[in-house]
Amino acid sequence: MQVSGAVRGRVLSVASECVPLIKTGGLADVVGALPAALAAVGWEMRVLLPAYRALRGYLDAMDEVLADPDLFGGPARVMAGQIAGLSVLLLDAPHLYDRDGGPYAGPAGDWPDNAQRFAALSWIAARLAREGVQGWQPDVLHAHDWQAGLAPAYLRYGGTASVASVMTIHNMAFQGWAPAHLLAALRLPPDQYHPAALEYYGGLSSLKAGLVTAGAVTTVSPNYARELVRPEFGLGLEGVIAARAASVFGVLNGIDTEVWSPEREVMPYSAKKMQAKAAHRAALCAEFGLQVPGPLAILVSRLTDQKGIDLLESVVPDFVAAGGGLAVLGSGDPALQAALLALAQRFAGRVSVKIGYDEDLSHRMFAGGDAVLVPSRFEPCGLTQIYGLAYGTVPVVSAVGGLADTVIDASPAAISAKVATGIVFHPVDALAFGQALRRLIALYADKKLFARVQKNAMAQEVGWAASAARYADIYQGLVE
Ligand code: ADP
Ligand code: GLC
(Lines give C-alpha, C1' and ligand atoms only; values in the text may rest on other atoms or scores of the structure.)
(Ligands and ions follow the chains in the order given, each with its own letter.)
Protein backbone atom coordinates (compact mmCIF):
# COMPACT_ATOMS: atom_id res chain seq x y z
CA MET A 1 0.00 0.00 0.00
CA GLN A 2 1.32 3.42 -0.97
CA VAL A 3 1.76 5.88 1.87
CA SER A 4 1.45 9.47 0.79
CA GLY A 5 3.45 12.25 2.36
CA ALA A 6 1.08 15.01 3.45
CA VAL A 7 -1.50 14.42 6.14
CA ARG A 8 -4.86 15.68 4.87
CA GLY A 9 -6.64 15.21 8.16
CA ARG A 10 -7.14 13.21 11.33
CA VAL A 11 -9.91 10.82 12.24
CA LEU A 12 -10.88 9.36 15.59
CA SER A 13 -12.58 6.03 14.87
CA VAL A 14 -14.69 4.55 17.67
CA ALA A 15 -16.02 1.02 17.76
CA SER A 16 -16.63 -2.00 19.96
CA GLU A 17 -14.46 -4.39 17.88
CA CYS A 18 -11.20 -4.19 15.92
CA VAL A 19 -8.99 -6.87 14.35
CA PRO A 20 -6.62 -8.19 15.62
CA LEU A 21 -7.64 -7.18 19.15
CA ILE A 22 -11.26 -8.25 19.51
CA LYS A 23 -13.67 -9.70 16.96
CA THR A 24 -17.13 -11.23 16.78
CA GLY A 25 -17.86 -10.39 13.13
CA GLY A 26 -17.02 -8.35 10.04
CA LEU A 27 -17.23 -5.05 11.95
CA ALA A 28 -13.88 -5.90 13.52
CA ASP A 29 -12.27 -6.62 10.15
CA VAL A 30 -13.40 -3.29 8.75
CA VAL A 31 -12.45 -1.18 11.78
CA GLY A 32 -9.03 -2.86 11.83
CA ALA A 33 -8.41 -2.39 8.11
CA LEU A 34 -9.49 1.24 7.75
CA PRO A 35 -6.47 2.91 9.42
CA ALA A 36 -3.94 1.53 6.91
CA ALA A 37 -6.32 2.02 3.99
CA LEU A 38 -6.90 5.65 4.92
CA ALA A 39 -3.25 6.36 5.68
CA ALA A 40 -2.61 5.57 2.02
CA VAL A 41 -4.85 8.49 1.04
CA GLY A 42 -3.54 10.92 3.64
CA TRP A 43 -5.94 10.46 6.56
CA GLU A 44 -4.43 9.59 9.91
CA MET A 45 -6.72 7.41 12.03
CA ARG A 46 -6.69 6.36 15.67
CA VAL A 47 -9.08 3.75 17.02
CA LEU A 48 -10.83 4.01 20.40
CA LEU A 49 -11.96 0.71 21.94
CA PRO A 50 -13.09 -0.47 25.38
CA ALA A 51 -10.34 -2.17 27.41
CA TYR A 52 -12.17 -5.49 27.73
CA ARG A 53 -10.63 -8.00 30.12
CA ALA A 54 -8.92 -9.75 27.21
CA LEU A 55 -7.17 -6.48 26.27
CA ARG A 56 -6.00 -5.46 29.73
CA GLY A 57 -2.62 -7.03 29.12
CA TYR A 58 -1.79 -4.19 26.72
CA LEU A 59 -2.41 -1.43 29.27
CA ASP A 60 0.98 -1.64 31.02
CA ALA A 61 2.84 -0.66 27.88
CA MET A 62 0.52 2.27 27.11
CA ASP A 63 0.46 5.91 28.20
CA GLU A 64 -2.36 7.54 30.10
CA VAL A 65 -3.74 10.45 28.07
CA LEU A 66 -6.94 11.23 29.95
CA ALA A 67 -8.50 10.48 33.33
CA ASP A 68 -12.14 10.73 34.38
CA PRO A 69 -13.00 10.17 38.06
CA ASP A 70 -16.65 9.31 37.34
CA LEU A 71 -17.50 7.73 34.02
CA PHE A 72 -21.01 6.32 34.39
CA GLY A 73 -20.39 4.95 37.86
CA GLY A 74 -16.66 4.52 38.29
CA PRO A 75 -13.23 5.92 37.51
CA ALA A 76 -11.79 5.62 34.01
CA ARG A 77 -8.72 6.52 32.02
CA VAL A 78 -7.76 6.51 28.37
CA MET A 79 -4.52 4.78 27.44
CA ALA A 80 -2.70 5.36 24.14
CA GLY A 81 -0.23 3.14 22.33
CA GLN A 82 0.71 1.24 19.21
CA ILE A 83 -0.65 -2.29 18.93
CA ALA A 84 -0.08 -4.48 15.87
CA GLY A 85 0.62 -1.44 13.72
CA LEU A 86 -2.51 0.42 14.84
CA SER A 87 -2.68 3.64 16.86
CA VAL A 88 -4.99 2.47 19.61
CA LEU A 89 -6.76 4.26 22.45
CA LEU A 90 -8.11 1.92 25.11
CA LEU A 91 -10.83 3.09 27.47
CA ASP A 92 -9.90 1.54 30.80
CA ALA A 93 -13.05 1.51 32.93
CA PRO A 94 -12.94 -1.69 35.00
CA HIS A 95 -16.50 -1.27 36.36
CA LEU A 96 -17.78 -1.50 32.77
CA TYR A 97 -15.38 -3.75 30.86
CA ASP A 98 -13.24 -5.87 33.17
CA ARG A 99 -15.48 -8.97 33.02
CA ASP A 100 -15.38 -12.55 31.87
CA GLY A 101 -17.19 -13.03 28.59
CA GLY A 102 -17.56 -11.38 25.19
CA PRO A 103 -17.91 -7.70 24.31
CA TYR A 104 -21.71 -7.76 24.61
CA ALA A 105 -22.64 -10.76 26.71
CA GLY A 106 -21.53 -12.82 29.66
CA PRO A 107 -22.36 -16.40 30.60
CA ALA A 108 -25.92 -15.33 31.53
CA GLY A 109 -26.63 -13.44 28.30
CA ASP A 110 -26.36 -9.77 27.29
CA TRP A 111 -24.79 -7.54 29.93
CA PRO A 112 -27.70 -5.73 31.60
CA ASP A 113 -25.80 -2.42 31.56
CA ASN A 114 -24.87 -2.44 27.86
CA ALA A 115 -26.57 0.94 27.38
CA GLN A 116 -24.23 2.48 29.99
CA ARG A 117 -21.17 0.53 28.81
CA PHE A 118 -21.36 1.85 25.28
CA ALA A 119 -22.67 5.28 26.24
CA ALA A 120 -19.44 5.59 28.23
CA LEU A 121 -17.36 4.67 25.18
CA SER A 122 -19.27 7.23 23.12
CA TRP A 123 -18.98 9.90 25.80
CA ILE A 124 -15.22 9.55 25.90
CA ALA A 125 -15.05 9.52 22.09
CA ALA A 126 -16.87 12.85 21.93
CA ARG A 127 -14.61 14.26 24.63
CA LEU A 128 -11.42 13.14 22.85
CA ALA A 129 -12.76 14.48 19.56
CA ARG A 130 -13.38 17.87 21.14
CA GLU A 131 -10.22 18.11 23.29
CA GLY A 132 -7.79 16.10 21.21
CA VAL A 133 -5.24 13.60 22.48
CA GLN A 134 -2.11 15.36 23.70
CA GLY A 135 -1.99 17.74 20.76
CA TRP A 136 -3.39 15.28 18.22
CA GLN A 137 -6.63 17.04 17.21
CA PRO A 138 -9.13 15.01 15.17
CA ASP A 139 -10.98 16.68 12.30
CA VAL A 140 -13.54 13.87 12.10
CA LEU A 141 -15.16 11.52 14.60
CA HIS A 142 -16.09 8.26 12.85
CA ALA A 143 -18.60 6.14 14.82
CA HIS A 144 -19.35 2.49 13.97
CA ASP A 145 -22.70 0.83 14.72
CA TRP A 146 -25.02 1.33 17.69
CA GLN A 147 -22.26 0.90 20.26
CA ALA A 148 -20.73 4.20 19.11
CA GLY A 149 -24.01 5.83 18.04
CA LEU A 150 -24.15 8.26 20.95
CA ALA A 151 -20.72 9.69 20.10
CA PRO A 152 -21.98 12.04 17.34
CA ALA A 153 -24.94 12.90 19.60
CA TYR A 154 -22.73 13.88 22.55
CA LEU A 155 -20.57 15.87 20.17
CA ARG A 156 -23.58 17.72 18.75
CA TYR A 157 -25.37 18.30 22.07
CA GLY A 158 -22.18 19.22 23.89
CA GLY A 159 -21.96 22.63 22.21
CA THR A 160 -20.19 24.16 19.26
CA ALA A 161 -17.78 21.43 18.24
CA SER A 162 -15.77 22.13 15.13
CA VAL A 163 -15.22 18.42 14.68
CA ALA A 164 -17.20 16.69 11.92
CA SER A 165 -18.83 13.30 12.44
CA VAL A 166 -19.67 10.21 10.41
CA MET A 167 -21.99 7.40 11.49
CA THR A 168 -21.45 4.05 9.76
CA ILE A 169 -24.14 1.37 9.81
CA HIS A 170 -22.64 -2.12 9.64
CA ASN A 171 -25.89 -3.78 10.61
CA MET A 172 -29.29 -2.12 10.97
CA ALA A 173 -30.60 -5.12 12.91
CA PHE A 174 -28.77 -3.95 16.04
CA GLN A 175 -30.16 -0.57 17.09
CA GLY A 176 -29.12 -0.14 20.72
CA TRP A 177 -32.61 0.36 22.12
CA ALA A 178 -32.88 1.46 25.75
CA PRO A 179 -35.83 2.50 27.91
CA ALA A 180 -36.63 6.20 28.08
CA HIS A 181 -36.04 6.44 31.83
CA LEU A 182 -32.30 6.07 31.14
CA LEU A 183 -32.21 9.46 29.37
CA ALA A 184 -30.72 11.30 32.34
CA ALA A 185 -28.41 8.45 33.38
CA LEU A 186 -27.01 8.45 29.84
CA ARG A 187 -26.42 12.21 30.09
CA LEU A 188 -28.72 13.01 27.18
CA PRO A 189 -30.58 16.33 26.99
CA PRO A 190 -34.28 15.89 27.92
CA ASP A 191 -35.36 18.54 25.39
CA GLN A 192 -34.06 16.25 22.59
CA TYR A 193 -36.46 13.48 23.56
CA HIS A 194 -38.85 13.80 20.60
CA PRO A 195 -39.40 11.80 17.40
CA ALA A 196 -37.15 13.99 15.23
CA ALA A 197 -34.21 13.39 17.60
CA LEU A 198 -33.72 10.81 20.36
CA GLU A 199 -37.16 9.24 20.84
CA TYR A 200 -37.58 5.80 19.27
CA TYR A 201 -40.65 3.62 19.85
CA GLY A 202 -41.13 4.94 23.34
CA GLY A 203 -37.47 4.65 24.25
CA LEU A 204 -34.03 5.55 22.95
CA SER A 205 -31.93 4.08 20.16
CA SER A 206 -28.26 4.92 20.18
CA LEU A 207 -28.06 4.06 16.47
CA LYS A 208 -30.88 6.48 15.68
CA ALA A 209 -29.16 9.13 17.81
CA GLY A 210 -26.07 8.75 15.64
CA LEU A 211 -28.08 8.78 12.42
CA VAL A 212 -29.84 12.05 13.24
CA THR A 213 -26.82 13.90 14.64
CA ALA A 214 -23.85 12.83 12.47
CA GLY A 215 -22.70 15.04 9.61
CA ALA A 216 -22.82 12.08 7.23
CA VAL A 217 -24.18 8.56 7.37
CA THR A 218 -22.52 5.69 5.58
CA THR A 219 -23.25 2.04 5.23
CA VAL A 220 -21.09 -0.76 3.92
CA SER A 221 -22.44 -1.28 0.39
CA PRO A 222 -24.31 0.88 -2.14
CA ASN A 223 -27.13 -1.66 -2.44
CA TYR A 224 -27.71 -1.80 1.33
CA ALA A 225 -27.87 2.01 1.34
CA ARG A 226 -30.74 1.76 -1.17
CA GLU A 227 -32.43 -1.10 0.70
CA LEU A 228 -32.42 0.77 4.02
CA VAL A 229 -35.31 3.04 3.01
CA ARG A 230 -37.54 -0.07 2.80
CA PRO A 231 -39.12 -1.27 6.05
CA GLU A 232 -37.92 -4.87 5.67
CA PHE A 233 -34.29 -3.66 5.74
CA GLY A 234 -34.65 -0.34 7.62
CA LEU A 235 -36.38 -2.21 10.47
CA GLY A 236 -38.05 0.90 11.83
CA LEU A 237 -35.33 3.38 10.92
CA GLU A 238 -36.26 3.58 7.22
CA GLY A 239 -37.86 7.00 7.70
CA VAL A 240 -34.72 8.36 9.38
CA ILE A 241 -32.60 7.11 6.48
CA ALA A 242 -35.01 8.57 3.92
CA ALA A 243 -34.97 11.92 5.70
CA ARG A 244 -31.18 12.01 5.51
CA ALA A 245 -30.98 10.73 1.92
CA ALA A 246 -28.71 13.56 0.76
CA SER A 247 -26.10 12.59 3.37
CA VAL A 248 -26.29 8.80 3.14
CA PHE A 249 -23.49 7.03 1.27
CA GLY A 250 -22.92 3.37 0.50
CA VAL A 251 -19.19 2.58 0.60
CA LEU A 252 -18.37 -1.02 -0.19
CA ASN A 253 -16.12 -2.90 2.25
CA GLY A 254 -12.82 -4.20 1.01
CA ILE A 255 -10.87 -7.10 2.49
CA ASP A 256 -7.34 -7.15 3.85
CA THR A 257 -5.49 -8.66 0.89
CA GLU A 258 -2.39 -9.27 3.00
CA VAL A 259 -4.38 -11.59 5.24
CA TRP A 260 -6.71 -12.98 2.57
CA SER A 261 -4.58 -13.96 -0.39
CA PRO A 262 -4.25 -17.45 -1.89
CA GLU A 263 -0.64 -16.57 -2.68
CA ARG A 264 0.04 -16.37 1.07
CA GLU A 265 -1.50 -19.71 2.01
CA VAL A 266 0.62 -22.71 3.05
CA MET A 267 0.33 -24.09 -0.49
CA PRO A 268 0.30 -20.86 -2.50
CA TYR A 269 -1.78 -20.51 -5.64
CA SER A 270 -3.03 -17.81 -7.99
CA ALA A 271 -5.34 -17.43 -10.99
CA LYS A 272 -2.37 -18.34 -13.19
CA LYS A 273 -1.21 -21.29 -11.07
CA MET A 274 -4.27 -23.09 -9.78
CA GLN A 275 -2.72 -26.55 -9.21
CA ALA A 276 -2.34 -26.11 -5.45
CA LYS A 277 -6.08 -25.52 -5.05
CA ALA A 278 -6.69 -29.21 -5.73
CA ALA A 279 -4.22 -30.12 -2.98
CA HIS A 280 -6.01 -27.74 -0.60
CA ARG A 281 -9.30 -29.42 -1.55
CA ALA A 282 -7.94 -32.88 -0.82
CA ALA A 283 -6.55 -31.73 2.53
CA LEU A 284 -9.85 -30.11 3.44
CA CYS A 285 -11.83 -33.24 2.55
CA ALA A 286 -9.49 -35.26 4.75
CA GLU A 287 -9.78 -32.78 7.62
CA PHE A 288 -13.60 -32.85 7.47
CA GLY A 289 -13.89 -36.56 6.65
CA LEU A 290 -15.56 -35.94 3.29
CA GLN A 291 -15.58 -37.64 -0.08
CA VAL A 292 -17.26 -35.44 -2.65
CA PRO A 293 -17.53 -36.24 -6.38
CA GLY A 294 -19.24 -32.92 -7.26
CA PRO A 295 -18.63 -29.39 -5.96
CA LEU A 296 -17.39 -29.03 -2.38
CA ALA A 297 -19.26 -26.09 -0.85
CA ILE A 298 -18.11 -24.35 2.32
CA LEU A 299 -19.92 -22.06 4.74
CA VAL A 300 -18.18 -19.95 7.40
CA SER A 301 -20.57 -17.87 9.43
CA ARG A 302 -22.16 -16.66 12.60
CA LEU A 303 -25.18 -18.92 12.92
CA THR A 304 -28.11 -16.50 13.10
CA ASP A 305 -31.41 -15.92 11.37
CA GLN A 306 -29.75 -13.17 9.27
CA LYS A 307 -27.58 -15.70 7.48
CA GLY A 308 -30.37 -17.97 6.12
CA ILE A 309 -28.71 -21.06 7.63
CA ASP A 310 -32.10 -22.68 8.29
CA LEU A 311 -32.62 -23.01 4.51
CA LEU A 312 -29.86 -25.64 4.33
CA GLU A 313 -32.11 -28.30 5.81
CA SER A 314 -34.36 -28.17 2.71
CA VAL A 315 -31.71 -27.84 0.02
CA VAL A 316 -28.89 -30.09 1.21
CA PRO A 317 -30.58 -33.48 0.48
CA ASP A 318 -30.90 -32.74 -3.28
CA PHE A 319 -27.46 -31.14 -3.43
CA VAL A 320 -25.88 -34.20 -1.87
CA ALA A 321 -27.90 -36.55 -4.11
CA ALA A 322 -26.52 -34.66 -7.12
CA GLY A 323 -22.93 -35.19 -5.95
CA GLY A 324 -22.32 -32.07 -3.86
CA GLY A 325 -20.71 -31.88 -0.43
CA LEU A 326 -20.67 -29.31 2.36
CA ALA A 327 -18.20 -28.27 5.05
CA VAL A 328 -19.50 -25.83 7.66
CA LEU A 329 -17.70 -23.79 10.31
CA GLY A 330 -19.82 -21.63 12.57
CA SER A 331 -21.29 -20.95 15.96
CA GLY A 332 -24.29 -19.16 17.38
CA ASP A 333 -27.96 -20.04 17.71
CA PRO A 334 -28.17 -23.44 19.46
CA ALA A 335 -31.15 -24.52 17.33
CA LEU A 336 -29.21 -23.85 14.11
CA GLN A 337 -26.16 -25.64 15.49
CA ALA A 338 -28.32 -28.67 16.29
CA ALA A 339 -29.96 -28.63 12.84
CA LEU A 340 -26.55 -28.52 11.14
CA LEU A 341 -25.17 -31.34 13.27
CA ALA A 342 -28.24 -33.42 12.41
CA LEU A 343 -27.56 -32.84 8.69
CA ALA A 344 -23.96 -33.93 9.18
CA GLN A 345 -25.10 -37.11 10.89
CA ARG A 346 -27.68 -37.86 8.19
CA PHE A 347 -25.22 -37.25 5.33
CA ALA A 348 -22.01 -38.44 6.95
CA GLY A 349 -19.12 -38.36 4.47
CA ARG A 350 -20.83 -35.65 2.44
CA VAL A 351 -21.72 -33.05 5.02
CA SER A 352 -19.47 -32.17 7.93
CA VAL A 353 -19.94 -29.45 10.54
CA LYS A 354 -17.52 -27.92 13.01
CA ILE A 355 -19.09 -25.77 15.70
CA GLY A 356 -16.72 -23.08 16.90
CA TYR A 357 -14.70 -20.08 15.82
CA ASP A 358 -11.40 -20.81 14.07
CA GLU A 359 -9.63 -18.27 11.90
CA ASP A 360 -6.93 -20.69 10.64
CA LEU A 361 -9.45 -23.33 9.70
CA SER A 362 -11.49 -20.72 7.84
CA HIS A 363 -8.42 -20.02 5.68
CA ARG A 364 -8.03 -23.71 4.85
CA MET A 365 -11.71 -23.83 3.95
CA PHE A 366 -11.56 -20.91 1.52
CA ALA A 367 -8.43 -22.39 -0.04
CA GLY A 368 -9.92 -25.88 -0.39
CA GLY A 369 -13.58 -25.19 -1.23
CA ASP A 370 -15.02 -25.08 -4.74
CA ALA A 371 -17.84 -22.76 -3.71
CA VAL A 372 -18.84 -20.66 -0.69
CA LEU A 373 -22.50 -20.40 0.30
CA VAL A 374 -23.96 -17.12 1.60
CA PRO A 375 -27.78 -17.42 1.58
CA SER A 376 -28.40 -14.37 3.80
CA ARG A 377 -31.83 -12.81 4.31
CA PHE A 378 -30.08 -9.44 4.55
CA GLU A 379 -26.39 -8.67 4.33
CA PRO A 380 -25.08 -5.10 4.75
CA CYS A 381 -21.90 -6.10 2.92
CA GLY A 382 -20.64 -9.56 3.75
CA LEU A 383 -16.98 -10.49 3.67
CA THR A 384 -16.97 -14.25 3.10
CA GLN A 385 -18.26 -13.97 -0.48
CA ILE A 386 -15.38 -11.56 -1.11
CA TYR A 387 -12.87 -14.03 0.36
CA GLY A 388 -14.50 -16.52 -2.02
CA LEU A 389 -13.81 -14.26 -5.00
CA ALA A 390 -10.18 -13.81 -3.98
CA TYR A 391 -9.69 -17.57 -3.53
CA GLY A 392 -11.51 -18.73 -6.67
CA THR A 393 -14.08 -20.33 -4.35
CA VAL A 394 -17.16 -19.50 -6.36
CA PRO A 395 -19.72 -17.54 -4.29
CA VAL A 396 -23.33 -18.73 -4.28
CA VAL A 397 -25.23 -15.82 -2.77
CA SER A 398 -28.68 -14.34 -2.30
CA ALA A 399 -29.31 -11.05 -4.13
CA VAL A 400 -29.35 -8.80 -1.07
CA GLY A 401 -27.17 -5.97 0.25
CA GLY A 402 -23.50 -6.17 -0.53
CA LEU A 403 -23.82 -9.71 -1.85
CA ALA A 404 -25.61 -8.30 -4.91
CA ASP A 405 -22.93 -5.61 -5.27
CA THR A 406 -19.98 -8.00 -5.24
CA VAL A 407 -21.04 -11.11 -7.19
CA ILE A 408 -22.05 -11.24 -10.88
CA ASP A 409 -24.40 -14.10 -11.65
CA ALA A 410 -23.27 -16.66 -14.22
CA SER A 411 -26.19 -15.94 -16.55
CA PRO A 412 -25.70 -16.80 -20.23
CA ALA A 413 -25.15 -13.09 -20.96
CA ALA A 414 -22.55 -12.69 -18.19
CA ILE A 415 -20.81 -15.87 -19.28
CA SER A 416 -20.52 -14.73 -22.87
CA ALA A 417 -19.35 -11.29 -21.70
CA LYS A 418 -16.73 -13.15 -19.56
CA VAL A 419 -17.72 -11.30 -16.38
CA ALA A 420 -19.53 -13.99 -14.38
CA THR A 421 -18.05 -14.47 -10.90
CA GLY A 422 -20.62 -16.62 -9.07
CA ILE A 423 -24.25 -17.64 -8.69
CA VAL A 424 -26.85 -15.17 -7.42
CA PHE A 425 -30.36 -16.17 -6.41
CA HIS A 426 -33.59 -14.43 -5.50
CA PRO A 427 -35.88 -14.47 -3.56
CA VAL A 428 -34.26 -15.73 -0.37
CA ASP A 429 -36.09 -19.03 -0.01
CA ALA A 430 -35.39 -22.74 -0.26
CA LEU A 431 -36.77 -22.98 -3.80
CA ALA A 432 -34.44 -20.36 -5.26
CA PHE A 433 -31.49 -21.54 -3.14
CA GLY A 434 -32.06 -25.13 -4.29
CA GLN A 435 -32.13 -23.99 -7.90
CA ALA A 436 -28.88 -22.09 -7.37
CA LEU A 437 -27.25 -25.26 -6.04
CA ARG A 438 -28.45 -27.20 -9.09
CA ARG A 439 -26.81 -24.51 -11.23
CA LEU A 440 -23.63 -24.96 -9.19
CA ILE A 441 -23.68 -28.71 -9.89
CA ALA A 442 -24.04 -28.02 -13.62
CA LEU A 443 -21.42 -25.28 -13.67
CA TYR A 444 -18.92 -27.48 -11.83
CA ALA A 445 -19.53 -30.32 -14.30
CA ASP A 446 -18.39 -28.02 -17.13
CA LYS A 447 -14.72 -27.91 -16.05
CA LYS A 448 -13.72 -25.24 -18.56
CA LEU A 449 -16.56 -22.93 -17.71
CA PHE A 450 -16.06 -23.42 -13.96
CA ALA A 451 -12.39 -22.52 -14.33
CA ARG A 452 -13.36 -19.43 -16.31
CA VAL A 453 -15.71 -18.24 -13.53
CA GLN A 454 -12.99 -18.90 -10.94
CA LYS A 455 -10.56 -16.83 -12.96
CA ASN A 456 -13.02 -13.94 -13.34
CA ALA A 457 -13.64 -14.05 -9.59
CA MET A 458 -9.94 -13.94 -8.78
CA ALA A 459 -9.45 -10.97 -11.11
CA GLN A 460 -11.83 -8.77 -9.07
CA GLU A 461 -10.44 -5.78 -7.16
CA VAL A 462 -11.22 -6.71 -3.56
CA GLY A 463 -8.80 -4.50 -1.61
CA TRP A 464 -9.53 -1.20 0.11
CA ALA A 465 -8.06 1.33 -2.36
CA ALA A 466 -11.28 2.49 -4.05
CA SER A 467 -13.34 2.62 -0.86
CA ALA A 468 -10.62 4.37 1.14
CA ALA A 469 -10.70 7.12 -1.48
CA ARG A 470 -14.50 7.34 -1.03
CA TYR A 471 -14.18 7.72 2.75
CA ALA A 472 -11.49 10.35 2.22
CA ASP A 473 -13.86 12.30 -0.05
CA ILE A 474 -16.66 12.08 2.52
CA TYR A 475 -14.34 13.33 5.30
CA GLN A 476 -13.03 16.12 3.08
CA GLY A 477 -16.57 17.18 2.17
CA LEU A 478 -17.53 17.43 5.85
CA VAL A 479 -14.40 19.29 6.91
CA GLU A 480 -14.85 21.86 4.13
P1 ADP B 1 -20.96 -10.62 9.93
O2 ADP B 1 -20.16 -9.46 10.32
O3 ADP B 1 -22.41 -10.31 9.73
O4 ADP B 1 -20.78 -11.81 10.81
P5 ADP B 1 -19.21 -10.73 7.58
O6 ADP B 1 -19.26 -11.63 6.42
O7 ADP B 1 -19.11 -9.28 7.32
O8 ADP B 1 -20.50 -11.08 8.46
O9 ADP B 1 -17.97 -11.05 8.50
C10 ADP B 1 -17.82 -12.24 9.20
C11 ADP B 1 -16.37 -12.42 9.54
O12 ADP B 1 -16.24 -13.35 10.60
C13 ADP B 1 -15.55 -12.97 8.39
O14 ADP B 1 -14.22 -12.53 8.54
C15 ADP B 1 -15.66 -14.48 8.64
O16 ADP B 1 -14.63 -15.21 8.03
C17 ADP B 1 -15.56 -14.51 10.14
N18 ADP B 1 -16.19 -15.69 10.77
C19 ADP B 1 -17.51 -15.87 11.02
N20 ADP B 1 -17.71 -17.04 11.68
C21 ADP B 1 -16.50 -17.60 11.83
C22 ADP B 1 -16.02 -18.83 12.45
N23 ADP B 1 -16.87 -19.68 13.02
N24 ADP B 1 -14.70 -19.08 12.43
C25 ADP B 1 -13.84 -18.21 11.85
N26 ADP B 1 -14.22 -17.05 11.27
C27 ADP B 1 -15.52 -16.75 11.26
C1 GLC C 1 -21.92 -6.48 9.74
C2 GLC C 1 -22.71 -7.07 8.58
C3 GLC C 1 -21.85 -7.56 7.45
C4 GLC C 1 -20.71 -6.59 7.15
C5 GLC C 1 -19.93 -6.30 8.42
C6 GLC C 1 -18.77 -5.33 8.20
O7 GLC C 1 -21.60 -7.39 10.72
O8 GLC C 1 -23.59 -8.11 9.01
O9 GLC C 1 -22.64 -7.73 6.28
O10 GLC C 1 -19.85 -7.13 6.16
O11 GLC C 1 -20.77 -5.73 9.37
O12 GLC C 1 -19.19 -4.09 7.68
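Source: prediction; values computed, not measured.

Visitor: Tell me about the site of ligand 2, and please be specific about residues and values.
Guide: Close to ligand 2 lie G26, L27, V30, H170, N171, V220, N253, Q306, E379, P380, C381 and G382. With respect to ligand 2, the side chain of N171 contributes an N or O atom lying 3.5 Å from an oxygen atom. At a separation of 2.5 Å, an oxygen atom of ligand 2 approaches a polar side-chain atom of E379. Compared with its free state, where it exposes 310 Å², ligand 2 has 94% of that area covered by protein. Taken together, the residues that form the shell around ligand 2 break down as 5 nonpolar, 6 polar and 1 charged. For the shell around ligand 2, the domains that each give at least three residues are domain 1 (9–254 + 464–479) and domain 2 (262–458).

Visitor: Account for the nonpolar core, naming residues and giving values.
Guide: Formed by 116 residues in total, the largest nonpolar core has its most connected members in L48 and L211. Summarising the domain contributions, this core has at least three residues from each of domain 1 (9–254 + 464–479) and domain 2 (262–458). The next biggest cluster of nonpolar side chains, apart from the first, holds 38 residues, and it includes L336, V351, A432 and L443.

Visitor: Now, about the environment of Y52: what can you tell me, with residues and values included?
Guide: For Y52, the location among the structural elements is in the loop between strand 2 (43–50) and strand 3 (63–68). Counting along the chain gives 417 residues from Y52 to A469, while the straight-line C-alpha distance between them is 32 Å. What Y52 contacts, discounting residues up to four positions off in sequence, is S16, I22, Y97, P103, R117 and F118. A polar contact is formed between the side chain of Y52 and the backbone oxygen of S16, at a distance of 2.7 Å.

What counts and what doesn't
- Residues numbered from 1 in each chain as written.
- Chains lettered and ligands numbered in written order.
- Predicted model: local features only at pLDDT ≥ 70, side-chain atom pairs only at ≥ 80, totals over all residues.
- Heavy atoms only, no water.
- Near = heavy atom within 4 Å.
- Polar contact = N/O pair within 3.5 Å; in protein donor to acceptor, adjacent residues only side chain to side chain.
- Areas by Shrake-Rupley, 256 points an atom, 1.4 Å probe, with all protein chains shown as cover.
- Nonpolar A, V, L, I, M, F, W, Y, C, P; charged D, E, K, R; others polar.
- Domains from an automatic or database assignment.
- Core = buried A, V, L, I, M, F, W, Y, C linked by side-chain atoms within 4.5 Å.
- Buried < 20%, exposed > 50% of the residue type's maximum accessible area, 1.4 Å probe, protein only.
- Helix = DSSP H or I, 4+ residues; strand = E, 2+ residues; numbered from the N terminus.
- Contact = heavy atoms within 4.5 Å.

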